[in-house]
Amino acid sequence: GGCGSGGTGCDVDFDALTPPFRRAIPDQGRTVTRKRLAEHWRTIPDDAPVLILMSGIAGGSHDKYLKHFMRRAARCGYRCVAFNCRGTANSPLTTPQFYSASFTGDVRAVVDEIHGRWPEAKLFAVGWSLGANILTNFLGEEGESAKLHGAVAMCNPFDLNACDEALQNGFFGTVYSRAMAKNMRALFAPHEHLFQGLPNYDNALVANAKTVRDFDEAVTRVTFGFDSVDAYYDASSSKLAIENVSIPLLVVQAKDDPIAVSDAVPREVIEKKTTPGCVVLVETESGGHLGWTAGSEAPFGSPWPDVGAMQFFEACRRGVGATFGNQSDGQSAGRVEEADADAEVERRAEVEADVAVEAPAR
């Protein structure tokens, strides 16, 4: 049994039952948008770099911070792929399995799909919040076999039990937890009939879930085969995977984050990392949870760390990342150069997005 998340659930081989669900062009509800995306897709060279974007809990390709970064990457010539966890962003769910903080099977399927479509392209990924945790777990599992050439993780809740404690005790954390639980219940509602009859599943617990922990007790723990929520959080914490990351990884955290709390950051592990693959930790004094200001693009632009993250990808793209050393507290042994303002980088300055490949719903 097991499904790559540390639990014992998912014994059924869903791959043998149904093919992956694919949607080449996201349905934005506007024919003109779909036509524009389809035309743009055909203009991108097959060897253009590909960026996978992974949203936070209950989020998806509609999130504004994801769209901001997507626009920036597209202007630099990247093919952008919005990864939606199963059941989110109106994606269909056909089996009794939601997503979790450590289930990496869907990420692996999408990366393999993209690598198969564009084998000559360099692949990169950026994740926010829960998406950052899933991405880091995936990179740790892949190790030196990773197909990605670089990654960025922002506001990663490295230690889920420590972050859960903050959600339970802090005022902002409590407000956030209740709001996210409401969103999770709304995402789950259209699919709850699929889960009826599962061992230990109780629909009443889902309906009464007031916090993220309550929802994980009612759904996530049960469907992924964990004995308790604490066991699920322990097994899913990406602090356990960071040592095995073997590609350049930029980690951006805010010291005043009330959710991905500062105490959860594995600074010592990052600083003393001896395995291949550099990890650069940048910690800002303020920023909250994905609350960095727009910087030079204020008041409506992207958060200012996006600029440095894009520079990091460009450095990795050009091979600069191979010379980085492991540093923490905002230090980098290698200098991340400004992206070249040549014709290749600027040729798609007006492009907002390209193609979305959603996780397979099996």
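Residues numbered from 1 in each chain as written. Predicted model: local features only at pLDDT ≥ 70, side-chain atom pairs only at ≥ 80, totals over all residues. Heavy atoms only, no water.

## Side note on the confidence of the model for the protein
Reasoning step 1: Here the protein averages 82 in pLDDT, and 77% of its residues register 70 or above.
Reasoning step 2: In the model, residues 10-19 has pLDDT below 50 throughout and makes 15 contacts with residues more than four positions away in sequence or in other chains.
Reasoning step 3: Low pLDDT, under 50, characterises residues 24-30; the stretch is placed with 14 contacts to residues that sit more than four places away or in other chains. (pLDDT = per-residue confidence, 0-100. Contact = heavy atoms within 4.5 Å.)

## Some details on the packing of aromatic side chains
Reasoning step 1: Counting across every chain of the model gives 16 aromatic pairs.
Reasoning step 2: Between Phe188 and Phe195 the ring centres are 4.7 Å apart and the planes differ by 50 degrees, which places this aromatic pair in the tilted class. For the pair formed by Phe188 and Phe195, the shared burial category is buried.
Reasoning step 3: On the numbers, 6.1 Å between centres and 35 degrees between planes, the contact of Phe195 with Tyr201 is tilted.
Reasoning step 4: A residue is classified by how much of its surface remains accessible, and Phe195, at 0% relative accessible area, is buried.
Reasoning step 5: Assessed through its relative accessible area of 12%, Tyr201 is described here as buried. (Phe/Tyr/Trp six-rings, centres within 6.5 Å; stacked < 30°, edge-to-face > 60°. Buried < 20%, exposed > 50% of the residue type's maximum accessible area, 1.4 Å probe, protein only.)

## Remarks on helix α3 (residues 105-117)
Reasoning step 1: Its 13 residues give α3 an end-to-end C-alpha distance of 18 Å, which sits within 8% of 18 Å, the value for a rise of 1.5 Å per residue.
Reasoning step 2: Inspection of α3 places Asp106, Val107, Val110, Val111, Glu113 and Ile114 among the buried residues, and these make up the whole buried set. Seen end-on, α3 carries its buried residues on one side only, within an arc spanning 160 degrees.
Reasoning step 3: The secondary structure elements touched by the buried residues of α3 are β1 (50-54), β2 (79-83), β3 (123-128), α4 (130-142) and β4 (148-154). (Helix = DSSP H or I, 4+ residues; strand = E, 2+ residues; numbered from the N terminus. Expected span 1.5 Å × (residues − 1). Arc of directions from axis to C-beta.)

## Section: the packing of helix α2 (residues 64-75) against helix α11 (residues 305-317)
Reasoning step 1: Orientation of α2 relative to α11, taken along the N-to-C sense of each, is 40 degrees, at an axis distance of 11 Å. Between α2 and α11, the angle is such that the two are oblique. Relative to α11, α2 is oriented so that their crossing is right-handed. Of the residues in α11, those touching α2 at His68, Phe69, Arg72 and Ala73 are Asp306, Val307, Ala309, Met310 and Phe313. (Axes fitted to C-alpha atoms, helices over the stretch in contact; angles between N-to-C directions. Parallel < 35°, antiparallel > 145°, perpendicular 65-115°, else oblique. Left-handed = near helix turned anticlockwise from the far one by under 90°.)

## Here's the deal with the pairing of β4
Reasoning step 1: With six of its seven residues buried, β4 lies for the most part within the structure.
Reasoning step 2: In terms of strand pairing, β4 meets strand β5 (residues 249-254) through four bridges, oriented parallel. Looking at the pairing, Ala151 lines up with Leu249 of β5. (Pairing = 2+ DSSP bridges.)

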